[in-house]
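For reference, the chains in residue letters:
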Amino acid sequence: MLVLGIETSCDETGIALYDTESGLLSHALYSQVHMHEEYGGVVPELASRDHIRRVLPLTRQVLDQAGLQLADLSAIAYTEGPGLAGALLVGASIAASLGFALKLPIVGVHHLEGHLLAPLLEPDPPAFPFVALLVSGGHTQLMRVDGVGQYQLLGETLDDAAGEAFDKSAKLMGLGYPGGPALARLAQTGQIGHYKLPRPMLASGDLNFSFSGLKTAVMLVAKQAAVNHANLAAEVQEAIADVLAAKAIAALKQTGLTRLVVAGGVGANARLRERLSQAMPPGAAVYYPKLEFCTDNGAMIAFAGAMRLQHADARYGFSVKPRWDLAQLEAP
Ligand code: KG4
Ligand code: ZN
């Protein structure tokens, strides 16, 4: 089964071709980062309009790369939610139009399920069940994953997401958008131990997170006269990585599972990966998607769509769900 994946939930147009027999055949990404940069964040209307410009050319590109044609497709998967309503509608309506014209089934994919399953695209994928640490710009969740669609929420952030903590701290330091990668780059030239930042909820005894207090603490330090931004960046990154690693390990202990999957944009952070490797208990292993599939991409949508379509979750209508709780999904 050859599945075209279309991701348009936010500021990246991601298109990919996944074949259930031979795996990922091709993928392409267009990032709108430069367009939104001058506004300091994503402008939803501009995002939607740009997705319209990109989806079909990128679709042609991935087909050419794979030496295939539209007629070779068996199904189309698109991001149904959560995300920006207008941006989601672009992917959904193009998927529905192509599906109608080519008489193909289409399937709406939960964006976070895409992130969650992305490590299964790797050559040595984790077996179910596993604990997933989902860390993106809008979500920070620990999930118990027993199979496709079998997700149990173990804990989540009570306020800001980890990616948001990176982005907001970066903004307070005058770094550009998106802040996470910029802050991580600056942190490489700094040292930890110069500023004291809280590790929120570290001792809360549950698997929830809170990052809004960290942002306030960063704001207070950033206001000081002679603040060293590189050292502050290193400390922010350390505080976030400390909390994420500690809670992920606690989730492994609580569930008795031995496999941890890290997914979502913040999963690209090298220091977080280092801290997790250091903290991993004996016998446990951590799995990541490759770097380019940590952040938004079409490959994870094509793959998650294929997993669902193999269980006949296909249909011809379409919808979008700008807000959508992952734990409400059912197994296909
Ligand atoms: O998963 P993603 O691409 O989009 C969402 O679904 O939200 O995640 C984007 C988030 C942003 O907050 C971005 O700053 C953060 O991931 N991010 C990083 C890094 N790369 C992306 N944060 C820290 N270090 C990175 N290397
Ligand atoms: Zn995402």
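Going by the structure above, here's the rest.
The sections below set out a description of the structure shown in this document. Worth saying up front: this structure is predicted, and the values here are computed from it rather than measured.

### Regarding the overall build of the protein chain
Alright, step 1. In terms of helices and strands, the protein chain carries 10 helices and 10 strands.
Alright, step 2. Taken against the 2.2 N^0.38 rule, which gives 20 Å for 332 residues, the C-alpha radius of gyration of the protein chain at 20 Å falls within 12% of a compact globule.
Alright, step 3. On the principal axes, the C-alpha backbone points of the protein chain span a range of 60 × 45 × 30 Å.
Alright, step 4. For the protein chain, buried positions account for 55% of its 332 residues.

### Looking at the state of the cysteines
Alright, step 1. Following the criterion strictly, the structure yields 0 disulfides and no others.
Alright, step 2. Free of any disulfide, Cys10 has its nearest neighbouring cysteine sulfur in Cys294, separated by 16 Å.
Alright, step 3. Relative accessible area serves as the criterion here: at 0%, Cys294 is assigned to the buried category.

### Side note on the side chain of Ser48
Alright, step 1. Here Ser48 lies in helix H2 (residues 44–66).
Alright, step 2. When residues no more than four places from it in sequence are discounted, the contact partners of Ser48 are Gly86, Ala87 and Val90.

### Brief notes about the site of ligand 1
Alright, step 1. Near ligand 1, the surroundings consist of 18 residues, among which His115, Gly137, Asp167, Gly265 and Asn269 are the closest.
Alright, step 2. Between ligand 1 and His115, the relevant distance is 3.0 Å, taken from an oxygen atom to a side-chain nitrogen or oxygen of the residue.
Alright, step 3. With respect to ligand 1, the backbone of Asp296 contributes an N or O atom lying 3.1 Å from an oxygen atom.
Alright, step 4. Coverage of ligand 1 by the protein chains reaches 86% of its 550 Å² of free accessible surface.
Alright, step 5. Contributions of two or more residues to the shell around ligand 1 are made by helix H4 (111–117), helix H5 (162–172) and helix H6 (179–187).
Alright, step 6. In the shell around ligand 1, the residues fall into 5 nonpolar, 11 polar and 2 charged.
Alright, step 7. Mapped onto the domain boundaries, the shell around ligand 1 takes at least three residues apiece from domain 1 (2–116 + 293–328) and domain 2 (128–288).

### Description of the pattern of salt bridges
Alright, step 1. Enumeration according to the criterion identifies 17 salt bridges in this entry.
Alright, step 2. Asp160 is paired through a salt bridge with Lys168; the nearest N and O atoms lie 3.4 Å apart.
Alright, step 3. Its relative accessible area of 8% is what places Asp160 among the buried residues.
Alright, step 4. Judged by its relative accessible area of 28%, Lys168 falls in the partly exposed class.
Alright, step 5. Across the pair Arg271 and Glu274 runs a salt bridge whose closest N-O atoms are separated by 2.3 Å. Taken as a pair, Arg271 and Glu274 lie in helix H9 (residues 270–279) at a separation of 3 residues, close to a single helical turn.
Alright, step 6. With a relative accessible area of 43%, Glu274 lands in the partly exposed category.

Each value, and the rule that gives it
- Residues numbered from 1 in each chain as written.
- Chains lettered and ligands numbered in written order.
- Predicted model: local features only at pLDDT ≥ 70, side-chain atom pairs only at ≥ 80, totals over all residues.
- Heavy atoms only, no water.
- Helix = DSSP H or I, 4+ residues; strand = E, 2+ residues; numbered from the N terminus.
- Rg over C-alpha atoms; globule rule 2.2 N^0.38 Å.
- Buried < 20%, exposed > 50% of the residue type's maximum accessible area, 1.4 Å probe, protein only.
- Disulfide = S-S within 2.5 Å.
- Contact = heavy atoms within 4.5 Å.
- Near = heavy atom within 4 Å.
- Polar contact = N/O pair within 3.5 Å; in protein donor to acceptor, adjacent residues only side chain to side chain.
- Areas by Shrake-Rupley, 256 points an atom, 1.4 Å probe, with all protein chains shown as cover.
- Nonpolar A, V, L, I, M, F, W, Y, C, P; charged D, E, K, R; others polar.
- Domains from an automatic or database assignment.
- Salt bridge = Lys/Arg side-chain N within 4 Å of Asp/Glu carboxyl O.

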